[in-house]
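Listed below are the residues making up each chain.
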Amino acid sequence: MVYGSSPDPRTGPLPPRSVESAKIVVAGGFGVGKTTLVGAISEIPPVNTEAWMTQAARTIDPLGEADGKTTTTVAMDFGRITLAPDLVLYLFGTPGQPRFWPLWDDLCRGASGAVVLVDTRRLDVSFPAVNYFENDSDVPFIVAVNLFDGISTHPLPAVREALRLPPEIPLTSCDARDRGSVARVLTEALAHTMRATAGPRPGALTTP
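## Here we look at the overall build of the protein
- Along the backbone of the protein there are six helices and nine strands.
- Among the 208 residues that make up the protein, the fraction classed as buried is 42%.
- A sequence separation of at least 24 residues applies to 68% of the contacts in the protein between residues at least 6 apart.
- Roughly 11300 Å² of accessible area belongs to the protein as shown, and the carbon and sulfur atoms make up 58% of that amount.

## A few points about the nonpolar core
- In terms of nonpolar packing, the biggest core is built from 23 residues, with Val25, Val116, Phe133, Phe141, Val143, Leu163 and Leu165 touching the most fellow members.
- Going through the elements one at a time, strand 3 (20-28), helix 3 (103-108), strand 7 (113-118), helix 4 (127-136), strand 8 (141-146) and helix 5 (156-163) are the ones with two or more residues in this core.
- Sequence-distant contacts of Leu163, defined by excluding residues within four places in its chain, comprise Val118, Leu123, Ser126, Phe127 and Val143.
- Residues Ala40, Ile81, Leu117 and Ala176 belong to the second largest nonpolar core, which totals 22 residues.

## Digging into the side chain of Asn146
- Tracing the sequence through the fold places Asn146 in strand 8.
- A residue is classified by how much of its surface remains accessible, and Asn146, at 6% relative accessible area, is buried.
- Separated by 2.9 Å, the side chain of Asn146 and the backbone oxygen of Val32 make a polar contact.

## Re the pattern of salt bridges
- Evaluated as defined, the whole model comprises six salt bridges.
- Note that Asp119 and Arg122 form a salt bridge whose closest N and O atoms lie 3.6 Å from each other. Across the pair, Arg122 and Asp119 agree in class, each one buried.
- Glu188 serves as the salt-bridge partner of Arg184, at 2.8 Å between the closest nitrogen and oxygen. One end of the pair, Arg184, and the other, Glu188, are both in helix 6 (residues 179-197), four residues apart, so they sit about a helical turn from each other.
- Arg184 sits in the partly exposed class, given a relative accessible area of 34%.
- What you see here is one network of salt bridges that share partners, running through Asp119, Arg121 and Arg122.

Rules and cut-offs
Residues numbered from 1 in each chain as written. Predicted model: local features only at pLDDT ≥ 70, side-chain atom pairs only at ≥ 80, totals over all residues. Heavy atoms only, no water. Helix = DSSP H or I, 4+ residues; strand = E, 2+ residues; numbered from the N terminus. Buried < 20%, exposed > 50% of the residue type's maximum accessible area, 1.4 Å probe, protein only. Contact = heavy atoms within 4.5 Å. Areas by Shrake-Rupley, 256 points an atom, 1.4 Å probe, with all protein chains shown as cover. Core = buried A, V, L, I, M, F, W, Y, C linked by side-chain atoms within 4.5 Å. Polar contact = N/O pair within 3.5 Å; in protein donor to acceptor, adjacent residues only side chain to side chain. Salt bridge = Lys/Arg side-chain N within 4 Å of Asp/Glu carboxyl O.

In structure tokens:
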């Protein structure tokens, strides 16, 4: 699909622009809001591979304060959003349970960037996701604190320190239920990817 540009009266119609697409991974611990985030922004009915949580599963995947959760992602979430006439994002949400972590390598293959979603009420479940993208993946990522109930319980500098997040990794906050908030986070993830992958300008001097 291509989109045309508005004609310039001096030069006539501009050639159509092809649509660019990017794959964004939404990762994080169990129950941090990944499925909610994908569902809030997707312009198509999101594909969810969810299963009902049984009482036996709760002993394996404890949720603490998030006990209202009744289903869990067992493979991935998938959604799509057109951020601009010439830019489409495909969103892949990872399963959070440790037994499904081997799927992360497959879901991250070919990704342009990633958003690691964090729940400050259970910060411990976020360490493995941050560690994965820092040490086991070359996908540029940002970290977003999900504001459950729209409330920020800890200042971002304190969260950065608790996660031992390097200063070059962007840290922001969002409400995973709010479409505009999610769109802002995805835009930040793309901007970080562009900065992280930008090479030196042609002719620029480099230090040997």
